[in-house]
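Observations on the three-dimensional arrangement
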Amino acid sequence: MFKVFEQKQSQLALFGLIIAILLWSASFVAMKYAIAEFGPILTVFLRMILAMAVLLFFLKPITKKQNYQKGDWWLLGLLALCEPCLYFIFESYALTYTTASEAGMVTALQPLLIAVAAFYFLKEKISSRTIVGSLLALAGVIWLTFSGGASEHASNPWLGNLLEFGAILSATVYCLLARKLAQRYSPIFLTLLQTVAGSIFFLPLIFVQTEAISFDISGQAILAILFLAFGVNIFAFTCYNFAFKVMPANKVGSLMNLLPLGTLFFGWLLLGETLATMQYMAAGLVLLGVIWSQTKPKAKTVFIEQSAIARQWEEIPSSKEMIFELKSLLKISH
């Protein structure tokens with residue numbers, strides 16, 4: 001019964017994680033819309049404060065029955081600092097300089113970073129295929145960045161992709177901490193902690209941001225903020241934290257390989273973003289590395305001649321002969 005329950009939990013976590021990744025893929029596009037009118041800092045603050053306002057209605061059931069252990073305060077604080085605080089600072093400014101598609105392709109490096117970090121800090125196994133595939137993906141991301149140029153969607157792709165890499169580093173530390181803390185705290189509690197910490201962190205930064213805030217807000221920007229607050233900050237992060245409760249960190253990280261594909265699709269569909277020919281080749285190298293790192297080599301098949309099998313079978317004594325010899329040995333022993 002317990003195994004059946006555990007299997008259903010794993011299936012639910014996998015399904016929820018895939019939904020979360022799809023929402024995150026679309027969030028790159030939503031961030032581009034929102035940042036264009038609200039600026040990076042105000043965009044992040046609004047998505048945090050709106051999500052927190054909803055989660056606070058469930059404060060009592062969320063906070064009770066949490067298995068707090070002495071010293072967890074600094075781990076919880078570091079978790080919230082990495083994501084959303086540092087992560088969203090890097091990502092929001094990255095999307096002011098690069099396209100959603102390119103930023104999404106940079107996230108292909110996250111599984112490598114998670115797998116290596118999980119190997120060293122969580123003692124999870126890492127295969128040689130994962131290392132080789134991830135290095136191919138790294139080469140593809142570097143190629144993608146160098147082959148890109150400034151455009152109407154990306155004023156400085158080099159800087160933007162570098163900032164997105166900073167976001168991925170923050171997310172990697174977050175993954176390690178979430179894997180550890182999710183065993184003691186509920187996914188929705190960790191999500192609430194992130195929204196509260198993010199709201200407090202970004203509130204004073206609103207008053208020092210240099211971007212002018214326009215009051216002529218379009219419907220697209222408002223929908224983008226609502227999607228980011230409720231679809232991503234609440235639903236996607238809760239699914240993500242639940243996945244860490246059930247699944248190994250490197251497996252969660254490997255499924256993040258779906259993110260680059262999703263961002264390419266949504267960037268093309270909703271923003272009309274396209275890549276240059278060399279960039280598509282680089283993206284192909286990234287995906288090749290991803291596929292290589294996540295597939296297992298076929299088991300080697302050993303072919304043995306039928307005649308050899310027949311000879312070996314003939315050499316095996318029959319069951320009657322074996323019983324007779326066993327009886328003889330028993331009589332001798334007595």
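You'll find the structure just up there.
Rules and cut-offs
- Residues numbered from 1 in each chain as written.
- Predicted model: local features only at pLDDT ≥ 70, side-chain atom pairs only at ≥ 80, totals over all residues.
- Heavy atoms only, no water.
- Disulfide = S-S within 2.5 Å.
- Buried < 20%, exposed > 50% of the residue type's maximum accessible area, 1.4 Å probe, protein only.
- Helix = DSSP H or I, 4+ residues; strand = E, 2+ residues; numbered from the N terminus.
- Contact = heavy atoms within 4.5 Å.
- Salt bridge = Lys/Arg side-chain N within 4 Å of Asp/Glu carboxyl O.
- Core = buried A, V, L, I, M, F, W, Y, C linked by side-chain atoms within 4.5 Å.
- Axes fitted to C-alpha atoms, helices over the stretch in contact; angles between N-to-C directions.
- Parallel < 35°, antiparallel > 145°, perpendicular 65-115°, else oblique.
- Left-handed = near helix turned anticlockwise from the far one by under 90°.
- Nonpolar A, V, L, I, M, F, W, Y, C, P; charged D, E, K, R; others polar.
- Patch = residues over 30% accessible without salt bridge, like charges linked within 9 Å, V, L, I, M, F, W, Y side chains within 5 Å.
- Areas by Shrake-Rupley, 256 points an atom, 1.4 Å probe, with all protein chains shown as cover.
- Phe/Tyr/Trp six-rings, centres within 6.5 Å; stacked < 30°, edge-to-face > 60°.
- Lys NZ or Arg CZ within 6 Å of the ring centre and 35° of its normal.

**Some details on the state of the cysteines**
A full pass over the atoms with the stated rule returns zero disulfides. No disulfide involves C175; its sulfur sits 10.0 Å from that of C82, the nearest cysteine. When its relative accessible area of 0% is taken as the criterion, C175 is described as buried.

**Quick word on the environment of A94**
Following the sequence through the fold, A94 ends up in helix α4 (residues 72-97). Considering only alpha carbons, one finds A94 and L163, 69 residues apart in sequence, at a separation of 5.1 Å. In contact with A94, not counting residues within four places along its chain, are G160, L163 and E164.

**Digging into the pattern of salt bridges**
Tallied over the entire structure, the rule returns one salt bridge. Here R184 makes a salt bridge to D72, at a shortest N to O gap of 2.7 Å. Placement of R184 in the loop between α8 (157-181) and α9 (187-206) and of D72 in helix α4 is noted, with a sequence separation of 112 residues between them.

**Some points on the nonpolar core**
Counting 70 residues, the largest nonpolar core has L17, W24, Y240 and F244 as its most contacted members. Residue contributions to this core peak at 14 residues, all from helix α1 (residues 2-38). Residues A108, A137, V141 and L275 belong to the second largest nonpolar core, which totals 13 residues.

**Considerations on the side chain of T263**
Mapped onto the secondary structure, T263 falls in helix α12 (residues 258-271). The buried category is assigned to T263, whose relative accessible area is 1%. With residues near it in sequence (within four places) discarded, T263 still touches S25, F28, A100, S101, G104 and M105.

**Quick look at unusual backbone geometry**
Positive phi outside glycine occurs at K123, with the angle close to 60°. On the secondary structure map, K123 appears in the loop between α6 (110-121) and α7 (128-147).

**Side note on the packing of α4 against α8**
Axis separation between α4 and α8 bottoms out at 8 Å; the angle between their running directions is 160°. For the element pair α4 / α8, the angle class is roughly antiparallel. The handedness of the crossing between α4 and α8 comes out as left-handed. By residue class, the composition of the contact of α4 with α8 is 21 nonpolar, three polar and five charged.

**A word on a nonpolar patch on the surface**
The grouping of V54, F57, F58, I222, L223, L226 and F230 at the surface amounts to a nonpolar patch, some 690 Å² of accessible area in total. The leading source of residues in the nonpolar patch is helix α10 (residues 219-246), at four residues. For L223, the position within the fold is in helix α10. Overall, the relative accessible area of 59% leaves L223 in the exposed class.

**Considerations on the packing of aromatic side chains**
Counting across every chain of the model gives twelve aromatic pairs. Taken together, a centroid distance of 6.5 Å and an interplanar angle of 85° make the contact between Y174 and F237 edge-to-face. Here Y174, found in helix α8, pairs with F237, found in helix α10; they are 63 residues apart in sequence, far enough to count as distant. On the accessibility criterion, F237 (3% relative accessible area) is buried. Within the aromatic cluster, the residues linked to one another by ring pairs are W24, Y87, F88, Y174, F237, Y240 and F244. The ring of W292 carries R129 above its face, with NZ or CZ at 3.8 Å from the centroid.

**Points about the environment of A100**
Tracing the backbone through its elements, the reader meets A100 in helix α5 (residues 100-106). Classification of A100 as buried rests on a relative accessible area of 0%. With 163 residues separating them along the chain, A100 and T263 place their C-alpha atoms 6.5 Å apart. In contact with A100, not counting residues within four places along its chain, are F28, V29, K32, L95, T263, L271 and E273.

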